[in-house]
Amino acid sequence: MAERAARRCCLGWDFSTQQVKVVAVDAELSVFYEDSVHFDRDLVEFGTQGGVHVHKDGLTVTSPVLMWVQALDVILEKMKASGFDFSQVLALSGAGQQHGSVYWKTGAGQVLTRLSPDLPLREQLQACFSISDCPVWMDSSTAAQCRQLEAAVGGARALSRLTGSRAYERFTGNQIAKIYQQNPEAYSHTERISLVSSFAASLFLGSYSPVDYSDGSGMNLLQIHDKVWSQACLGACAPRLEEKLGRPVPSCSVVGAISSYFVQRYGFPPGCKVVAFTGDNPASLAGMRLEEGDIAVSLGTSDTLFLWLQDPTPALEGHIFCNPVDPQHYMALLCFKNGSLMREKIRDESTSGSWGEFSKALRSTAMGNGGNLGFYFDVMEITPEIIGRHRFSAENHEVPAFPRDVEVRALIEGQLMAKKIHAEALGYRVMPKTKILATGGASHNRDILQVLADVFGAPVYVIDTTNSACVGSAYRAFHGLAAGTVVPFAEIVKLAPNPRLVATPTPGASQVYEALLQRYAMLEQRILSQTRGPPE
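Since the model is a prediction, treat every value here as computed from it, not as a measurement.

Examining the nonpolar core
Phase 1: Formed by 87 residues in total, the largest nonpolar core has its most connected members in Ile 176, Leu 221, Leu 241, Leu 245, Leu 452 and Val 460.
Phase 2: The dominant element in this core, judged by the number of residues it contributes, is helix α18 (residues 404–425), at 10 residues.
Phase 3: Counting residues in hydrophobic clusters, the runner-up holds 55 residues, among them Trp 13, Cys 128, Val 196 and Phe 199.

Some details on the UniProt feature "domain: Carbohydrate kinase FGGY N-terminal" (unreviewed entry) in the chain
Phase 1: As annotated in UniProt, the feature "domain: Carbohydrate kinase FGGY N-terminal" (unreviewed entry) corresponds to residues 133–287 in the numbering used here.
Phase 2: Secondary structure over residues 133–287 splits into 49% helix and 14% strand, and the C-alpha atoms at its two ends are 30 Å apart.

Re the packing of helix α6 (residues 143–153) against helix α7 (residues 156–163)
Phase 1: Two elements in contact, α6 and α7, have axes whose closest approach is 7 Å; the angle formed by their N-to-C orientations is 85°. In this view, α6 runs roughly perpendicular relative to α7, as classed from their interaxial angle. Seen from α6, the contacting residues are Leu 149, Glu 150 and Val 153; seen from α7, they are Ala 156, Ala 158 and Leu 159.
Phase 2: Classifying every residue of the contact of α6 with α7 by side-chain character gives five nonpolar, no polar and one charged.

Digging into the environment of Val 37
Phase 1: Looking at the secondary structure, you find Val 37 in strand β3 (residues 31–38).
Phase 2: Through-space distance from the C-alpha of Val 37 to that of Asn 174 is 30 Å; in sequence the pair is 137 residues apart.
Phase 3: Contacts of Val 37, omitting those with residues within four sequence positions, involve Gln 18, Gln 19, Val 20, Asp 42, Leu 43, Ala 71, Val 74, Ile 75 and Lys 78.

Some points on the pattern of salt bridges
Phase 1: What the rule picks out here adds up to 16 salt bridges.
Phase 2: Across the salt bridge formed by Lys 78 and Asp 35, the nearest N and O atoms sit 3.1 Å from each other. Of this pair, Lys 78 sits in helix α3 (residues 65–81) while Asp 35 sits in strand β3, and the two are 43 residues apart along the sequence.
Phase 3: In this structure Asp 35 comes out as buried when scored by relative accessible area, which is 19%.
Phase 4: Across the salt bridge formed by Asp 303 and Arg 343, the nearest N and O atoms sit 2.8 Å from each other. Note that Asp 303 is positioned in strand β16 (residues 303–309) and Arg 343 in helix α16 (residues 340–350), a separation of 40 residues in sequence. Note on accessibility: Asp 303 and Arg 343 belong to one class, buried.
Phase 5: A cluster of three or more residues bridged by salt bridges with shared partners is formed by Lys 345, Glu 349, Asp 378 and Arg 389.

Quick look at the side chain of Gln 145
Phase 1: Tracing the chain through its elements places Gln 145 in helix α6.
Phase 2: Note on Gln 145: relative accessible area 6%, which makes it buried.

A look at unusual backbone geometry
Phase 1: A cis amide bond links Thr 383 with the next residue in sequence, Pro 384, at an omega value of -5°.
Phase 2: You can see Pro 384 is positioned in the loop between β19 (373–377) and β20 (388–392).
Phase 3: Within the chain, Asn 220 stands out as a residue other than glycine whose phi angle is a positive 60°.
Phase 4: Following the sequence through the fold, Asn 220 ends up in the loop between α11 (213–216) and β10 (222–223).
Phase 5: Phi at Ser 352 is positive, roughly 55°, even though this residue is not glycine.
Phase 6: Summarising the element assignment, Ser 352 is placed in the loop between α16 and α17 (355–364).

Notes on the sheet that holds strand β18 (residues 330–336)
Phase 1: With mixed pairing, the seven strands of this open sheet are ordered in space as β17-β18-β16-β15-β22-β23-β24. Each of the sheet's edge strands pairs with one partner strand only, and the pair in question is β17 (319–322) and β24 (500–503). Neighbour-to-neighbour, the strand axes of this sheet turn through a mean angle of 25°, independent of strand direction.
Phase 2: The pairing of strand β15 (residues 295–299) with β16 spans five bridges and is antiparallel.

Observations regarding the UniProt feature "domain: Carbohydrate kinase FGGY C-terminal" (unreviewed entry) in the chain
Phase 1: Sites flagged by UniProt as "domain: Carbohydrate kinase FGGY C-terminal" (unreviewed entry) map to residues 296–479.
Phase 2: For the annotated span residues 296–479, helix accounts for 36% and strand for 22% of the residues, and the straight-line distance between the end C-alpha atoms is 21 Å.

Focus: the side chain of Asn 323
Phase 1: With respect to the helices and strands, the residue Asn 323 is situated in the loop between β17 and β18.
Phase 2: We classify Asn 323 as buried; its relative accessible area is 3%.
Phase 3: At a separation of 3.2 Å, a polar atom in the side chain of Asn 323 contacts the main-chain amide nitrogen of Asp 326.
Phase 4: Look past the residues within four positions of Asn 323 in its chain and what remains in contact with it is Ser 214, Ser 251, Leu 285, Trp 308, His 329, Tyr 330 and Met 331.

Definitions and cut-offs
Residues numbered from 1 in each chain as written. Predicted model: local features only at pLDDT ≥ 70, side-chain atom pairs only at ≥ 80, totals over all residues. Heavy atoms only, no water. Core = buried A, V, L, I, M, F, W, Y, C linked by side-chain atoms within 4.5 Å. Buried < 20%, exposed > 50% of the residue type's maximum accessible area, 1.4 Å probe, protein only. Helix = DSSP H or I, 4+ residues; strand = E, 2+ residues; numbered from the N terminus. UniProt positions renumbered as here; feature names shortened; annotations may be inferred. Axes fitted to C-alpha atoms, helices over the stretch in contact; angles between N-to-C directions. Parallel < 35°, antiparallel > 145°, perpendicular 65-115°, else oblique. Contact = heavy atoms within 4.5 Å. Nonpolar A, V, L, I, M, F, W, Y, C, P; charged D, E, K, R; others polar. Salt bridge = Lys/Arg side-chain N within 4 Å of Asp/Glu carboxyl O. Pairing = 2+ DSSP bridges. Polar contact = N/O pair within 3.5 Å; in protein donor to acceptor, adjacent residues only side chain to side chain.

Written out as structure tokens, the structure reads:
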């Protein structure tokens, strides 16, 4: 252990919903240490389930801020006990669950600067927060505040153009507005509001860390093109908010040197740099090493798309964030609720529960499925807002059922065409150098990945994304050390393991899917207009 611990390294942290995790990555970009503290299991005194408290209304969801503080105490003591050599840490960065917020009480900033190395953080910070249970991304209690914010700026579309997203209940600005309206005394006693990411960075700095552009894009408050707080949005949420948030910074900024507390208590070198922490989704983009034109497709319980964009066109669905590794570019996030559970249902109904037969059905049907198209939304979809199953023949007539093999291909082609259509609606375009990185459970199915390559017209790769937010944070720490805005991120991570090619587009696929994608988009609008009237 001693020999391995002597490597010069950067640490990557992840303050996620259910745990705090850390990895150490050496100069060759190899992960040589990892550890975690699981909230429900290791910090039972906080009484969380899944790392959170769900309140009686079923809408309000919070986490105790001191649980996050104590988790950092515990994990650092575990590292110390294992013989980890903190003196070799050049820099650290981290990720936090997006949208969550922390409320520092007046006077807390002074406490942070005067921490005693003889005591754990929790003991010294327990009186430092004006809100003890912090709202997190699972909270959906701010519908009224969302309506107020959109009304203040001229509607949902105007807010999306300004901040990258329409008003979402979990987004931080709306959470702050609710606290100001319902608990004005606590708000007035708050001197600083942090995101979970900048809160964690503040612990390491021993002073308030700024919010970074990328995580700041998930607040409904940051003008994503100008990268400044929107005065209209701030004013709609709460008074004196700008001074409580501080000025945002580029995500690759070195925000300072590590606090003397960590130097004296654990042996970090005084010159260890803290690079701005960001959100878990942006950190994952860094961990997957996406480049311009690339797309990551996570095929899990819900399906998520990560896109690298140069010229975004914000819409009513999806999210545009500032890019965490290139301040001139953007990233987009699209979520589709009907993911693996829908695929499993069709597998059970059409192929007797066999993935082997499911794959055989994909192989036995032609690209384009003879013009048959399907929409499969057993739960209300996010992108677009449709529920139900809708099948269309090549003549665009709605039909009640398909043959079993046709049903399987209609599902997979439909799911993947929807992803391409909605990605392009946000400004995404496939480029000659585009790579598609596939992750999640369905990324093990080569036949699904072949359809993905055919629909998008780009090669599909797989990559190990275990701990992608943590590893991405360590990569970002190296990037910040190298004066991030000057040195391309791709140059920093060129030693990292390469993704593995698993599928390339079938010749002729682009011609087949070009017309099919147009039909799919037209039929989607037809279904939407039937269920909620014509689109805006």
